Amino acid sequence: MDLTPLWSARANAMKASEIRELLKLTENPEVISFAGGLPNPQSFPVEEVHEATQRVFRDHAQRAFQYSTTEGVSELRESVADYLHASQAMDVHPDDVLITNGSQQGLDLLGRTLLDAGDTVVTSNPTYLGALQALSYYGAKYAGVDSDGDGLLPDALDDTLKGLAARGVRPKFLYAVPTFQNPSGTCIPEARRRRILDIAHEHDLLIVEDDPYGRLRFDGDPVPTLHSLDKGGDRVLYLGTFSKILVPGFRLAWTAGPSELVRKMVVSKQSIDLCTNAFTQFIAADMLQNGIIEKHLPEIIRLYKGKRDVMLGAMDEHFPKEGVHWTRSRGGMFTWAEMPDGVNTVEMLEETVRRNVAYVPGKPFFPDPEQGFNTMRLNFTHASDDNIKVGIERLAGVMVETMERQKALA
Ligand SMILES: Cc1ncc(COP(=O)(O)O)c(C=O)c1O
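(A) Structural detail: the packing of helix α5 (residues 103–114) against helix α6 (residues 129–136). α6 packs onto α5 with a crossing angle of 35 degrees between their chain directions and a minimal axis gap of 8 Å. Crossing hand, α5 versus α6: right-handed. Facing α5, whose interface residues are Gln104, Leu107, Asp108 and Gly111, α6 presents Gly130, Ala131, Ala134 and Leu135. Here the residues of the contact of α5 with α6 are counted per class, giving 4 nonpolar, 3 polar and 1 charged.

This is the structure in structure tokens:
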């Protein structure tokens, strides 16, 4: 049967990414991959999850095997509100917490709830690819704002918003990953956060703060979330997830913020999946209530900090110094490298994969298709320390050759 005439306009608009095809090659076990965004399985608290599961069987089996409300199991919503308060001084009412099937679903719900085709979303350049994919499905157009080593540039944000206003465009929201951003690893300092909030206030702009990595800080003092700095309390929708502080396989996350918006998102979610898996919600609630996640967090941080140091050490040793810059991430899972203008990291990936090492080219993280050709994202959490050293040395070899070829052509 020829199915193509049956595709919806939306399905027709979806494209398989050429980079994803290339990265399929990295499934070969010979390839050292810095491409994925996977937590390290060594970070999973397997025994603690086992014990919590037994308590859920003992105490909550009836409800854990039942449908839950679309909003989520009340114990988990309360525990999330307590956790946000204790760990990040965030004031969130449990009624304003929606449990989602990963933050990725939160992003999809946001698109469903707020976007009509052609609506404008403001993002940084670069930004999280999964958000661009989720929101593009609903026809989002992007206004990209440049960033530097400290993340989104407030003056550029102000200029962009003024430019949009002059054209009569009201953007639906600013999407930001302020802390240890995927892909760049940057963290916006507090003063800059305050300025971004002031600008959002001046332009009456809603902010979506996506924060999967905020607790994975290796060095320096924590920076308050935009949500906690928002004194009005209703301008920031906050997305958090258990994927990086517990396990991604539970597919558990939360969205917290303005009541009216959370309510609308609940209605959007009803038709998708009725509710999030109640069983894993009870396990996560148990682990939050008993302080197990908080107690385990230093283990994850120790593991990832060590790997970050191994990667940065290998980059310092092997990467070409002239014309190449990279972020010294103080947390999260990624570092980000920029090569000289003219280098195309999508093309370079083919040669790199032939040498059994892989990264993600930075281009798809830019909403503007003309930007980011010379950039790449490197994940440091998944490979073994030895593989990080070998992989970075191999990658550096390809970078040097590519830059030499580039020079010879110039
Ligand atoms: C910035 C950002 N947002 C959201 C997600 C999705 O996370 P989840 O596993 O909760 O769906 C990720 C995953 O890597 C991410 O990096």
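Still to come is the rest of the account.
(B) Main features of the domain arrangement of the chain. Domain annotation for the chain reports domain 1 (13–37 + 296–409) and domain 2 (47–290). Here the C-alpha centre of domain 2 lies 26 Å away from the C-alpha centre of domain 1. The interface is formed by 26 residues belonging to domain 1 together with 30 residues belonging to domain 2. Counting each side, the surface lost to burial between domain 1 and domain 2 is near 2,300 Å², with a carbon and sulfur contribution of 66%. Three residues, Arg330, Phe365 and Pro367, lead the burial of domain 1 against domain 2; their summed loss comes to 27% of the area buried on that side. The interface formed by domain 1 and domain 2 contains 2 salt bridges. The closest approach of N and O atoms between Arg308 and Asp219, which form a salt bridge, is 2.8 Å. At the boundary of domain 1 with domain 2, the tally comes to 8 residue pairs in polar contact (both at pLDDT 80 or more).

(C) Examining unusual backbone geometry more closely. The omega torsion of the bond from Asn125 to Pro126 falls at -5 degrees, within 30 degrees of zero and hence cis. Structurally, the position occupied by Pro126 is in the loop between β3 (120–125) and α6. Asn182 connects to Pro183 through a cis peptide bond whose omega is 25 degrees. Positioned with a positive phi, Asp204 is a non-glycine residue whose angle comes to about 50 degrees. For Asp204, the location among the structural elements is in the loop between α8 (190–202) and β7 (207–210).

(D) Representation of the site of the ligand in the model. In the neighbourhood of the ligand, 14 residues make up the surrounding shell, with Ser103, Asp210, Tyr213, Thr241 and Ser243 lying closest. A distance of 2.6 Å separates an oxygen atom of the ligand from a polar side-chain atom of Ser243. Relative to its unbound accessible surface of 390 Å², the ligand loses 92% to contact with the protein. Residues of the shell around the ligand, tallied by class, amount to 5 nonpolar, 6 polar and 3 charged.

(E) Focus on the sheet that holds strand β5 (residues 151–152). Pairing within the open sheet is mixed, and its 8 strands lie in the order β2-β9-β8-β7-β6-β3-β4-β5. Each edge of the sheet is formed by a strand with only one pairing partner; in this case those strands are β2 (97–100) and β5. Taken together, the 3 bridges between strand β6 (residues 173–176) and β7 define a ladder with parallel strand orientation. When the bridges of β7 are listed, Ala176 appears paired with Glu209. Together, β3, β4 (141–148), β5 and β6 form the strand contacts of helix α7 (residues 154–166), whose direction differs from that of β4 by roughly 155 degrees. Sitting on the sheet, helix α10 (residues 259–273) is in contact with β2, β8 (236–241) and β9 (253–256), with an inclination near 30 degrees to β2.

(F) Seen up close, the pattern of salt bridges. Inspection of every chain in the model, using the stated rule, returns 23 salt bridges. Where Lys162 meets Asp158, a salt bridge forms, and the shortest distance between an N and an O atom there is 2.9 Å. In this pair, Lys162 and Asp158 are both assigned in helix α7, 4 residues apart and thus about one turn of the helix distant. Among the residues examined, Lys162 registers a relative accessible area of 47% and is labelled partly exposed. Accessibility expressed as a relative area gives 10% for Asp158, which makes it buried.

(G) Focus on the packing of aromatic side chains. In total, this model carries 11 aromatic pairs according to the counting rule given. The interplanar angle of 45 degrees and the centroid separation of 5.5 Å between the aromatic rings of Phe65 and Phe279 together place this pair among those described as tilted. Note that Phe65 is positioned in the loop between α3 (46–64) and α4 (74–88) and Phe279 in helix α11 (residues 278–289), a separation of 214 residues in sequence. What makes Phe65 exposed here is its relative accessible area of 53%. Judged by its relative accessible area of 22%, Phe279 is partly exposed. Between Tyr83 and Trp254 the ring centres are 6.0 Å apart and the planes differ by 80 degrees, which places this aromatic pair in the edge-to-face class. Here the residue Tyr83 occupies a position in helix α4, and Trp254 occupies one in strand β9, the gap between them amounting to 171 residues. Taken as a pair, Tyr83 and Trp254 share a single burial class, namely buried. Three or more aromatic residues joined by ring pairs make a cluster, and in this case those are Phe57, Phe65 and Phe279.

(H) Here's a closer look at the side chain of Ser184. Relative to the assigned elements, Ser184 resides in the loop between β6 and α8. A distance of 2.7 Å separates the side chain of Ser184 from the side chain of Gln181, its partner in a polar contact. Those residues within four positions of Ser184 in sequence are excluded, and the remaining contacts are Thr327, Ser329 and Trp336.

(I) Summary view of the sheet that holds strand β13 (residues 360–361). With respect to topology, 4 strands assemble into an open sheet ordered β10-β11-β14-β13, the strand pairing being antiparallel. Because the sheet does not close on itself, it has two edges, and the strands there are β10 (325–326) and β13.

Cut-offs and rules
- Residues numbered from 1 in each chain as written.
- Predicted model: local features only at pLDDT ≥ 70, side-chain atom pairs only at ≥ 80, totals over all residues.
- Heavy atoms only, no water.
- Axes fitted to C-alpha atoms, helices over the stretch in contact; angles between N-to-C directions.
- Helix = DSSP H or I, 4+ residues; strand = E, 2+ residues; numbered from the N terminus.
- Left-handed = near helix turned anticlockwise from the far one by under 90°.
- Contact = heavy atoms within 4.5 Å.
- Nonpolar A, V, L, I, M, F, W, Y, C, P; charged D, E, K, R; others polar.
- Domains from an automatic or database assignment.
- Buried area = accessible area lost by both parts, 1.4 Å probe.
- Salt bridge = Lys/Arg side-chain N within 4 Å of Asp/Glu carboxyl O.
- Polar contact = N/O pair within 3.5 Å; in protein donor to acceptor, adjacent residues only side chain to side chain.
- Near = heavy atom within 4 Å.
- Areas by Shrake-Rupley, 256 points an atom, 1.4 Å probe, with all protein chains shown as cover.
- Pairing = 2+ DSSP bridges.
- Buried < 20%, exposed > 50% of the residue type's maximum accessible area, 1.4 Å probe, protein only.
- Phe/Tyr/Trp six-rings, centres within 6.5 Å; stacked < 30°, edge-to-face > 60°.

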